[in-house]
Amino acid sequence: MKSDLAERIASNPDFQNLVRQRTGYGWMMAMIMIIIYFAFILSIAYFPSILAIKIAADSPISWGILIGFLMLVFAFVLTGLYVHKANTQFDALTTKIKESA
Amino acid sequence: MKNPLLILAGLAALITGVLFSTGAFAADAAPKSINMPAVTLFVVFVALTLFITYWAAQRTRTAKDFYAAGGNITGFQNGLALAGDYMSAASFLGIAGLVYANGFDGLIYSIGFLVGWPIMLFLLAEKLRNLGKYTFADVASYRLSQIPIRTVAAVSSLIVVLMYLIAQMVGAGKLIEVLFGLPYSYAVVIVGVLMVVYVTLGGMLATTWVQIIKAVLLLSGATFMALAVMYSFGFDFNAMFNKAIEISPKHEAIMAPGSLIHDPISAISLGMALMFGVAGLPHILMRFFTVTNAKEARRSVFVATGFIGYFYILTFIIGFGAIIMVSTNPAYLSAAHKLIGGDNMAAIHLSHAIGGNIFLGFISAVAFATILAVVSGLTLAGASAVSHDLYASAFRHGRVDEKTEMRASRYATIALGILAIILGIAFEKQNIAFMVGLAFAVAASANFPILFLAIYWKNLTTRGAVAGGLGGLLTAVTLVVLSKTVWVDVFHFATPIVPYKDPAIFSMPVAFILAWFFSMTDKSPRAAEERARFHAQYVRSETGIGAEGAAKH
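Note that the coordinates shown come from a computational prediction; the quantities given were computed from them, not determined experimentally.

1. Focus on the overall build of chain A
Consideration 1: A tally of helices and strands in chain A yields four helices and zero strands.
Consideration 2: In sequence order, chain A lays out its α and β elements as α-α-α-α.
Consideration 3: In terms of overall dimensions, chain A is more spread out than a globule: its C-alpha atoms have a radius of gyration of 21 Å, far above the 13 Å expected for 101 residues.
Consideration 4: Dimensions of chain A, computed from the C-alpha atoms along their principal axes, are close to 65 × 25 × 20 Å.
Consideration 5: In chain A, which comprises 101 residues, the share counted as buried stands at 44%.
Consideration 6: Excluding contacts between residues fewer than 6 apart, the proportion of contacts in chain A whose partners are at least 24 apart in sequence is 65%.
Consideration 7: In the structure as shown, chain A presents an accessible area of about 5100 Å², 69% of it carried by carbon and sulfur atoms.

Take a look at the structure:
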């Protein structure tokens, strides 16, 4: 990319807006995933007996199994949320920036 | 490559001949007789993939066709192909076997393997697509010095690819020995020859479609198995778990964390390797350059995450199904009451318990197809590191025409194929359990830090990236060699020197700290230029302006 074009885009308020929003959202989502995953892993290391507790007195299913399943679903839901926001909000801004470039 | 059709026809005839004529060898190789439905279905799969390769060969003319399937793969197709790359025979048979033996602990691995994908989407996928061309080294070296960065990236990529390849080849040989009654070395040679044919003739286009077909077959087969298990319990999870708890020798313990994770250091270290390793696997990263733009790259991660997550839920049900339907049936047990062929055969035996010889044949053929598709993707990634990064950019300084570069990549593919066959045979009797773990550790400690810092950190210089990449790579390899998995299990020393099996908790910080230190202290004029070039890279990575477009077909 030519540096004058890069300069012009970088000084575009829409660009700064896009980068701020997307960077903030992406890092927030990444931190949510990282914190939840390592909380899960550490609870296995430190409190395995808590995860062995059944979710109900008459149920064979443990909290560990339920949380594990929810983690698989949650990872997918997070990617879905990000893609939705990117398709609607971020792409509109990107198109605007490209048109004015 | 004047007559790809002729080569393919000859090859098909050869493989069919080998597969159907092995009755004579079966007696001394394996006790089991040849499974005709499995062999027939496998031959049908090979014929179909060779036809696709022929179709793809006619559409593979330029380097962009060869490395990136012309950049015309859709997000959904690429998502399926990414899922296919990831759903290897190891994750299908291995995780089902782990659930079969340990219950809940198998789920811990599945979750670790999945959580890297959202991270890849949030932090890397779109920027990778906007900056790269064919390999992730294109992105890492975008504003840095080409020769050193590409050399480091290619070396660590080749280590990852070879570790993964050996694990797949050995797995293929053993699986086929049990399933088809074919001698180990035959199986390794067939896998090696077929992957070289797919990649040399059909490039990324053939590799992608082989991967997509296999992903659909594997997902269908696993869905059918899980549904059959659930059907036998009237779709009542409580009934299924109660029965498994009653039957399993571990009883209630299969529903709770067991011995897989005991100390926090190992837990975090394994978690780091799995979470950040995905974003450093060269055969995964390469797929982001096959789609039209950043939007499709994004969609492909969404699709891949969905299919992989769904697949892990299936393998969990399959593992529990095997506890109930396989572990009590003497037909599947050896004299010592162990599963015939080991715990990894749990899913295979379950397919027989569900659908008899025909369905066993189908699942066996799918397992073999899975290995073929995964090794093809790995080989293409390894060959690209050699031809695009080492030969064309580092050795010839980019002064090489497309035809020559493509020829180099085909020679590299053939060389990798021969190497994979030799190593596959050499490692037959070795303990290879550490290899996939090492591949993820190196990916997380060398490839991921360079890529991440090159994209996000303005002050990264060539000197810092080389120090960080090499430091992470050497630390990861050294720690694994000194740990129990290699020092004791392979070299047979009495005690390991390093008490932890997974190195990432040490090797990832080493990579980041070295990259930081050697960049910050780099006062050379080259470093100043590299920092100055960050601005233009940053604008392109965020907007995609100037990014590699789709081929005009």
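2. Concerning the packing of helix 19 (residues 462-482) of chain B against helix 21 (residues 504-520) of chain B
Residues and elements named next belong to chain B.
Consideration 1: Across the interface, helix 19 lies against helix 21 with an axial gap of 7 Å and an inter-helix angle of 160 degrees. Taken together, helix 19 and helix 21 sit at an angle that is classed as roughly antiparallel. Pair helix 19 / helix 21 crosses with right-handed handedness. Across the interface between the two elements, Arg-463, Gly-464, Ala-467, Gly-468, Gly-471, Gly-472, Thr-475, Ala-476 and Leu-479 from helix 19 touch Phe-506, Ser-507, Val-510, Ala-511, Leu-514, Ala-515, Phe-518 and Ser-519 from helix 21.

3. Re empty space enclosed by the protein
Residue and element names in this part refer to chain B.
Consideration 1: All chains considered together, the criterion is met by five cavities of 30 Å³ or more.
Consideration 2: Estimated volume of the largest cavity: approximately 70 Å³.
Consideration 3: Looking at the largest cavity, the residues that line it are Tyr-134, Thr-135, Phe-136, Ala-137, Ala-153, Ser-157, Pro-282, Met-286, Ala-381, Ala-385 and Asp-389.
Consideration 4: Sorting the residues of the lining of the largest cavity by element identifies helix 9 (136-140), helix 10 (146-180) and helix 16 (346-395) as the ones contributing at least two each.
Consideration 5: For the lining of the largest cavity, the element with the highest residue contribution is helix 16, accounting for three residues.

4. Some thoughts on the pattern of salt bridges
Consideration 1: One pass over the structure, following the stated rule, counts 15 salt bridges over all chains.
Consideration 2: Between Asp-489 of chain B and Lys-484 of chain B there is a salt bridge; the shortest N-O distance is 3.4 Å.
Consideration 3: The class of Lys-484 of chain B is partly exposed, set by a relative accessible area of 40%.
Consideration 4: Linked by salt bridges that have partners in common, Arg-22 and Asp-91 of chain A together with Glu-126, Lys-127, Lys-295, Arg-298 and Glu-542 of chain B make up one network.

5. Some words on helix 5 (residues 75-86) of chain B
All names here are of chain B.
Consideration 1: A rise of 1.5 Å per residue sets the reference length of helix 5, with its twelve residues, at 16 Å; its end C-alpha atoms lie 16 Å apart and thus fit the reference within 8%.
Consideration 2: For helix 5, the buried fraction is high: ten of the twelve residues fall into the buried class.
Consideration 3: Turning to helix 5, its buried residues are Gly-75, Asn-78, Gly-79, Leu-80, Ala-81, Leu-82, Ala-83, Gly-84, Asp-85 and Tyr-86.

6. Points about unusual backbone geometry
Trans peptide bonds make up most of the peptide bonds, and negative phi angles are found at most residues other than glycine.
Consideration 1: Notably, Ala-69 of chain B is not glycine yet its phi reads approximately 50 degrees, a positive angle.
Consideration 2: Looking at where Ala-69 of chain B falls in the secondary structure, it is placed in the loop between helix 4 (63-68) and helix 5.

7. Examining the interface of chain A and chain B
One frequently used descriptor of interface size is the decrease in accessible area upon assembly of the parts.
Consideration 1: Each side of the interface is counted separately: chain A has 53 residues, and chain B has 53 residues.
Consideration 2: Across the chain A/chain B interface, buried area totals approximately 4800 Å², and carbon plus sulfur atoms make up 79% of it.
Consideration 3: Joining chain A to chain B, the criterion identifies five salt bridges.
Consideration 4: The salt bridge partner of Arg-22 of chain A is Glu-542 of chain B, with a shortest N-O separation of 2.6 Å.
Consideration 5: Linking chain A with chain B are six residue pairs in polar contact (both at pLDDT 80 or more).
Consideration 6: Among the secondary structure elements, those contributing two or more residues to the side of chain A that touches chain B are helix 1 (3-10), helix 2 (13-46), helix 3 (48-51) and helix 4 (63-100) of chain A.
Consideration 7: Grouping the amino acids of the side of chain A that touches chain B by side-chain chemistry returns 38 nonpolar, ten polar and five charged.

8. Focus on a nonpolar patch on the surface
Consideration 1: On the surface, Tyr-46, Phe-47, Ile-50, Ile-53, Ile-55, Trp-63, Leu-66, Ile-67 and Leu-70 of chain A cluster together into a nonpolar patch covering about 830 Å² of accessible area.
Consideration 2: Structurally, Ile-55 of chain A is set in the loop between helix 3 and helix 4.

9. Remarks on the confidence of the model for chain B
All names here are of chain B.
Consideration 1: The predicted model of chain B averages 90 in pLDDT, with 93% of residues at 70 or higher.
Consideration 2: Taken element by element, the predicted model of chain B shows its lowest mean pLDDT in helix 2 (residues 23-29) (39) and its highest in helix 21 (97).
Consideration 3: This model gives residues 22-31 a pLDDT under 50, and the stretch forms eleven contacts once residues within four places in sequence are excluded.
Consideration 4: Interface confidence in the predicted complex, given as ipTM, is 0.95; pTM for the same model is 0.92.

10. A closer look at the nonpolar core
In a soluble, globular protein the nonpolar side chains are often hidden away together inside.
Residues and elements named next belong to chain B.
Consideration 1: Counting 230 residues, the largest nonpolar core has Tyr-86, Trp-117 and Phe-320 as the members making the most contacts within it.
Consideration 2: For this core, the element with the most residues is helix 11 (residues 184-231), which contributes 26 residues.
Consideration 3: Those residues in contact with Trp-117 that sit more than four places away from it in its chain are Leu-82, Tyr-86, Val-278, Ile-284, Val-301, Ala-304, Thr-305 and Ile-308.

11. As for the environment of Val-301 of chain B
Residue and element names in this part refer to chain B.
Consideration 1: Along the chain, the position of Val-301 falls in helix 15 (residues 294-325).
Consideration 2: Residue Val-301 is classed as buried on the basis of its relative accessible area of 0%.
Consideration 3: As a C-alpha pair, Val-301 and Ala-125 span 176 residues in sequence and 7.8 Å in three-dimensional space.
Consideration 4: Val-301 has contacts with Trp-117, Leu-121, Ala-125 and Phe-288, leaving out every residue within four places of it along the chain.

Thresholds, definitions, all that
- Residues numbered from 1 in each chain as written.
- Chains lettered and ligands numbered in written order.
- Predicted model: local features only at pLDDT ≥ 70, side-chain atom pairs only at ≥ 80, totals over all residues.
- Heavy atoms only, no water.
- Helix = DSSP H or I, 4+ residues; strand = E, 2+ residues; numbered from the N terminus.
- Rg over C-alpha atoms; globule rule 2.2 N^0.38 Å.
- Buried < 20%, exposed > 50% of the residue type's maximum accessible area, 1.4 Å probe, protein only.
- Contact = heavy atoms within 4.5 Å.
- Areas by Shrake-Rupley, 256 points an atom, 1.4 Å probe, with all protein chains shown as cover.
- Axes fitted to C-alpha atoms, helices over the stretch in contact; angles between N-to-C directions.
- Parallel < 35°, antiparallel > 145°, perpendicular 65-115°, else oblique.
- Left-handed = near helix turned anticlockwise from the far one by under 90°.
- 1 Å grid on protein atoms, 1.4 Å probe; cavity = no way out; pocket = protein on both sides within 12 Å on 5 of 7 lines; lining within 4 Å.
- Points joined across faces, edges and corners; volume = space filled by probe spheres on them.
- Salt bridge = Lys/Arg side-chain N within 4 Å of Asp/Glu carboxyl O.
- Expected span 1.5 Å × (residues − 1).
- Buried area = accessible area lost by both parts, 1.4 Å probe.
- Polar contact = N/O pair within 3.5 Å; in protein donor to acceptor, adjacent residues only side chain to side chain.
- Nonpolar A, V, L, I, M, F, W, Y, C, P; charged D, E, K, R; others polar.
- Patch = residues over 30% accessible without salt bridge, like charges linked within 9 Å, V, L, I, M, F, W, Y side chains within 5 Å.
- pLDDT = per-residue confidence, 0-100.
- Core = buried A, V, L, I, M, F, W, Y, C linked by side-chain atoms within 4.5 Å.

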